[in-house]
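Remarks on the overall topology
Chain by chain, the residues:
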Amino acid sequence: MMTYLIAFICVVGIAIGQVLFKISATSLQRTGSFFDPATALTVFSALALYGITTIAWIWVLQKIELGRVYPLMALAFVLVPIGSHFFLGEKFQPQYFLGVTLILIGIVIAVRA
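Everything quoted here is computed from the prediction, not taken from an experiment. (Residues numbered from 1 in each chain as written. Predicted model: local features only at pLDDT ≥ 70, side-chain atom pairs only at ≥ 80, totals over all residues. Heavy atoms only, no water.)

1. Here we look at the overall build of the protein
The helix and strand inventory of the protein stands at five helices and zero strands. The order of helices and strands in the protein, counted from the N terminus, is α-α-α-α-α. Principal-axis analysis of the C-alpha atoms gives the protein an extent of 50 × 35 × 15 Å. Expressed as a percentage of the 113 residues in the protein, the buried residues total 29%. Considering only intrachain contacts with a sequence separation of at least 6, the fraction spanning at least 24 residues in the protein is 68%. Here the protein has roughly 7,500 Å² of accessible surface; of this, 75% comes from carbon and sulfur atoms. (Helix = DSSP H or I, 4+ residues; strand = E, 2+ residues; numbered from the N terminus. Buried < 20%, exposed > 50% of the residue type's maximum accessible area, 1.4 Å probe, protein only. Contact = heavy atoms within 4.5 Å. Areas by Shrake-Rupley, 256 points an atom, 1.4 Å probe, with all protein chains shown as cover.)

2. Comments concerning a nonpolar patch on the surface
A cluster of nonpolar side chains, Met-2, Leu-5, Phe-8, Ile-9 and Trp-59, forms an exposed patch at the surface whose accessible area comes to about 490 Å². Here the nonpolar patch takes four residues from helix α1 (residues 2-31), the largest share from any one element. For Trp-59, the position within the fold is in helix α2 (residues 37-63). (Patch = residues over 30% accessible without salt bridge, like charges linked within 9 Å, V, L, I, M, F, W, Y side chains within 5 Å. Salt bridge = Lys/Arg side-chain N within 4 Å of Asp/Glu carboxyl O.)

3. Notes on the nonpolar core
Grouped together as the largest cluster of nonpolar side chains are 13 residues, with contacts concentrated most on Ala-7, Val-11, Trp-57, Val-69 and Leu-72. Of all the secondary structure elements, the ones that give two or more residues to this core are α1, α2 and α5 (94-112). Ranked by residue count, the leading element in this core is α1, at three residues. In contact with Trp-57, not counting residues within four places along its chain, are Ala-7, Cys-10, Leu-66, Val-69, Tyr-70 and Met-73. (Core = buried A, V, L, I, M, F, W, Y, C linked by side-chain atoms within 4.5 Å.)

4. Quick notes on the packing of α1 against helix α4 (residues 76-88)
Running from N to C, α1 and α4 point in directions that differ by 45°, and their axes come no closer than 9 Å. In this view, α1 runs oblique relative to α4, as classed from their interaxial angle. The element α1 and its partner α4 pack so that their crossing is right-handed. In this structure, α1 contributes Val-11, Val-12, Ala-15, Gln-18, Val-19, Lys-22 and Ile-23 to the contact, and α4 contributes Ala-76, Leu-79, Val-80, Gly-83, Ser-84, Phe-87 and Leu-88. (Axes fitted to C-alpha atoms, helices over the stretch in contact; angles between N-to-C directions. Parallel < 35°, antiparallel > 145°, perpendicular 65-115°, else oblique. Left-handed = near helix turned anticlockwise from the far one by under 90°.)

5. Considering the packing of aromatic side chains
Tallied over the entire structure, the rule returns four aromatic pairs. Taken together, a centroid distance of 5.4 Å and an interplanar angle of 75° make the contact between Tyr-96 and Phe-97 edge-to-face. Overall, the relative accessible area of 16% leaves Tyr-96 in the buried class. Site record: aromatic cluster; members linked through ring pairs are Phe-92, Tyr-96 and Phe-97. (Phe/Tyr/Trp six-rings, centres within 6.5 Å; stacked < 30°, edge-to-face > 60°.)

6. Section: the packing of α4 against α5
Here α4 crosses α5 at 145°, and the two axes come no closer than 9 Å. Where α4 abuts α5, its residues Phe-77, Val-78, Pro-81 and Ile-82 lie against Tyr-96, Val-100, Ile-103 and Leu-104. For the contact of α4 with α5, the residue count by class is eight nonpolar, no polar and no charged. (Nonpolar A, V, L, I, M, F, W, Y, C, P; charged D, E, K, R; others polar.)

7. Quick look at α4
Of all the positions in α4, only Ala-76, Val-78, Gly-83 and Ser-84 are classed as buried. Those residues of α4 that are buried lie in contact with α1 and α5. Downstream of α4 by one or two residues, Gly-89 has phi in the positive range, about 75°.

What follows is the structure in structure tokens.
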């Protein structure tokens, strides 16, 4: 059970990293430089989070078969748009909710298989 919790934390870390990459891209577009302190900080934070998440994911893969745990990564397709809505002000299309429902059903089926 603890291993699945760590796997879920990895997915959340990946999702947060994606939002940080978007913030980095926006900052880079505004400043025009990776060396701008705000841009550099967000890029470094995203890369550091990805690095830590990758190490944790490798630990998870020592404990669980890849085919059993990898479907959890599909949660990123749910979490990233939610994060982009709350932190970047992006809007949802109505089809998003149908897609999320299908993804969650697929995750449940795959993990229980």
